Amino acid sequence: MAETALRVEEVTKQYQGHLAVDNISFEVESGILFGMLGPNGAGKTSTIRMITGITLPDKGKIFLNGKRVDGSLTSGIGYLPEERGLYRKMTVGDHLMYLIRLRGFSSKEGRKKVDEWVDRFEIGSWWNKKIEELSKGMQQKIQFIAAVMHDPDLMILDEPFSGLDPVNSNLIREEIRRLSNEGKGVILSTHRMEQVEELCEKIVLINRGRIVLHGNLESIKESYWENRYSVGLGEGQGLPVMEGVEPVAVHKNNRIELQLHEGMGSRDLLRGLLDHELDIQLFQKSLPSLNDIFIKVTGEDLVQAE
């Protein structure tokens with residue numbers, strides 16, 4: 001059973017009359033990618049600031065590896081903020097060494113840690129370049145290294161793919177998976193649903209300071225499934241009229257999403273398709289997206305809320 005890296009218990013935070021976080025509770029387990037999802041202004045950043053000890057809750061408690069967060073445990077956390085904070089006039093090498101020394105590492109130990117990540121990302125040629133000389137994507141890679149190079153127990157990555165091209169996005173994505181597989185606690189905070197759906201096993205979805213969904217992502221999707229299936233047919237083939245089957249969407253590669261009426265199941269659908277001698281290239285459940293679920297739970301469109 002996975003150990004609990006982070007536990008948030010009934011936490012509330014208010015700013016000048018605005019209730020930013022309203023009595024939320026959740027746990028993040030080591031080795032399981034955890035998604036913190038919600039529209040902008042939902043309370044994600046306020047929650048992160050409390051987890052990292054930048055601010056403290058008005059009510060409730062937060063524990064990192066069983067120890068209460070009181071502003072003094074930030075060495076156990078790696079934080080990649082959405083708003084980047086690099087010193088533009090410093091060189092890459094000096095910047096990373098400065099940050100690792102702030103974490104309490106000696107020059108020798110720190111240089112070893114920094115070199116490991118510089119080699120991993122193949123950016124040794126950047127060592128003497130000033131931060132201001134780097135592209136936004138290159139700066140993002142430096143910021144990512146700065147967040148994880150001290151080997152923290154919990155990593156909070158706020159919009160980690162911002163500004164990255166597809167190649168570097170894949171690089172960061174694989175590093176996030178690797179760190180999680182090594183048993184680290186990893187929180188991916190974003191308003192991009194597809195990133196959470198691709199990477200995360202468990203989620204918390206926050207809206208207006210409150211948790212509206214929390215748990216295993218696949219279990220959540222299964223619980224909101226409405227007897228829909230996706231069927232892929234051979235080129236040029238069309239879906240025949242079938243009793244109890246209603247087409248609701250047609251996608252590329254001749255993939256059709258079907259709504260089955262009450263009392264009809266997958267076997268009935270498959271039997272009907274085979275009776276028409278169709279070339280079936282895909283047959284699977286069509287689980288709802290997080291946006292579909294968000295609309296059902298809140299009556300709002302998560303995409304529009306961003």
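Not measured: the values here are computed from a predicted model. (Residues numbered from 1 in each chain as written. Predicted model: local features only at pLDDT ≥ 70, side-chain atom pairs only at ≥ 80, totals over all residues. Heavy atoms only, no water.)

Undergrad: Can you help me understand helix 3 (residues 107-120) in this one?
TA: The periodicity of an α-helix, 3.6 residues per turn, causes residues three or four positions apart to be oriented the same way. Spanning 14 residues, helix 3 covers 20 Å between terminal C-alpha atoms, matching the ideal 20 Å at 1.5 Å per step. Listing the buried residues of helix 3 in full gives Gly110, Val114, Trp117 and Val118. Projection of helix 3 onto a plane perpendicular to its axis shows the buried side chains occupying an angular sector of 100 degrees, all on one side. When the buried face of helix 3 is taken as reference, the exposed residues oriented beyond 90 degrees from it are Lys108, Lys112 and Asp119. Buried positions along helix 3 lie against helix 2 (92-102), helix 4 (136-148) and helix 5 (166-181). Where helix 3 ends, the next residue or the one after it, Glu122, has phi of about 55 degrees, a positive value. (Helix = DSSP H or I, 4+ residues; strand = E, 2+ residues; numbered from the N terminus. Expected span 1.5 Å × (residues − 1). Buried < 20%, exposed > 50% of the residue type's maximum accessible area, 1.4 Å probe, protein only. Arc of directions from axis to C-beta. Contact = heavy atoms within 4.5 Å.)

Undergrad: What is the right way to look at the packing of helix 2 against helix 4 in this model?
TA: Between two packed helices, the angle of one axis relative to the other and the distance separating the axes together describe the packing. Relative to each other, helix 2 and helix 4 sit at 25 degrees, their axes nearing to 10 Å. In terms of orientation, helix 2 and helix 4 fall into the roughly parallel class. Seen from above, helix 2 lies across helix 4 with right-handed handedness. Residue-level contacts link Val92, Leu96 and Leu99 of helix 2 to Ile142, Ile145 and Ala146 of helix 4. A class-by-class count of the residues in the contact of helix 2 with helix 4 yields 6 nonpolar, no polar and no charged. (Axes fitted to C-alpha atoms, helices over the stretch in contact; angles between N-to-C directions. Parallel < 35°, antiparallel > 145°, perpendicular 65-115°, else oblique. Left-handed = near helix turned anticlockwise from the far one by under 90°. Nonpolar A, V, L, I, M, F, W, Y, C, P; charged D, E, K, R; others polar.)

Undergrad: What is the right way to look at the side chain of Asp22 in this model?
TA: Mapped onto the elements, Asp22 comes out in strand 2 (residues 18-29). Since its relative accessible area comes to 18%, Asp22 is described here as buried. There is a polar contact of 2.6 Å between the side chain of Asp22 and the side chain of Arg210. In contact with Asp22, other than residues within four places in its own chain, are Val11, Thr12, Gly209 and Arg210. (Polar contact = N/O pair within 3.5 Å; in protein donor to acceptor, adjacent residues only side chain to side chain.)

Undergrad: Mind showing me how you'd approach the layout of surface pockets here?
TA: Space inside the largest pocket adds up to approximately 570 Å³. Around the largest pocket, the lining comprises 19 residues; the ones closest to its centre are Ile54, Tyr79, Pro81, Arg103 and Gln143. Taken together, the residues of the lining of the largest pocket sort by class into 9 nonpolar, 6 polar and 4 charged. Put simply, the second largest pocket is a space of about 190 Å³. (1 Å grid on protein atoms, 1.4 Å probe; cavity = no way out; pocket = protein on both sides within 12 Å on 5 of 7 lines; lining within 4 Å. Points joined across faces, edges and corners; volume = space filled by probe spheres on them.)

Undergrad: Whenever I open this one, the sheet that holds strand 2 confuses me. Can you help?
TA: Backbone hydrogen bonds hold the strands of a sheet together, and the pairing may be parallel or antiparallel. Strands sit in the order 2-1-4-5 across an open sheet of 4 strands; the sheet is antiparallel. Among the strands making up the open sheet, the edge pair consists of strand 2 and strand 5 (67-68). Inspection of the sheet shows strand 1 (residues 4-15) paired to strand 2 by 8 bridges, in the antiparallel sense. Following the sheet pairing, Lys13 is matched in strand 2 by Val21. The strands touched by helix 1 (residues 44-51) are strand 1, strand 2 and strand 4 (59-64); relative to strand 2, the strand with the most contacts, the crossing angle is about 60 degrees. (Pairing = 2+ DSSP bridges.)

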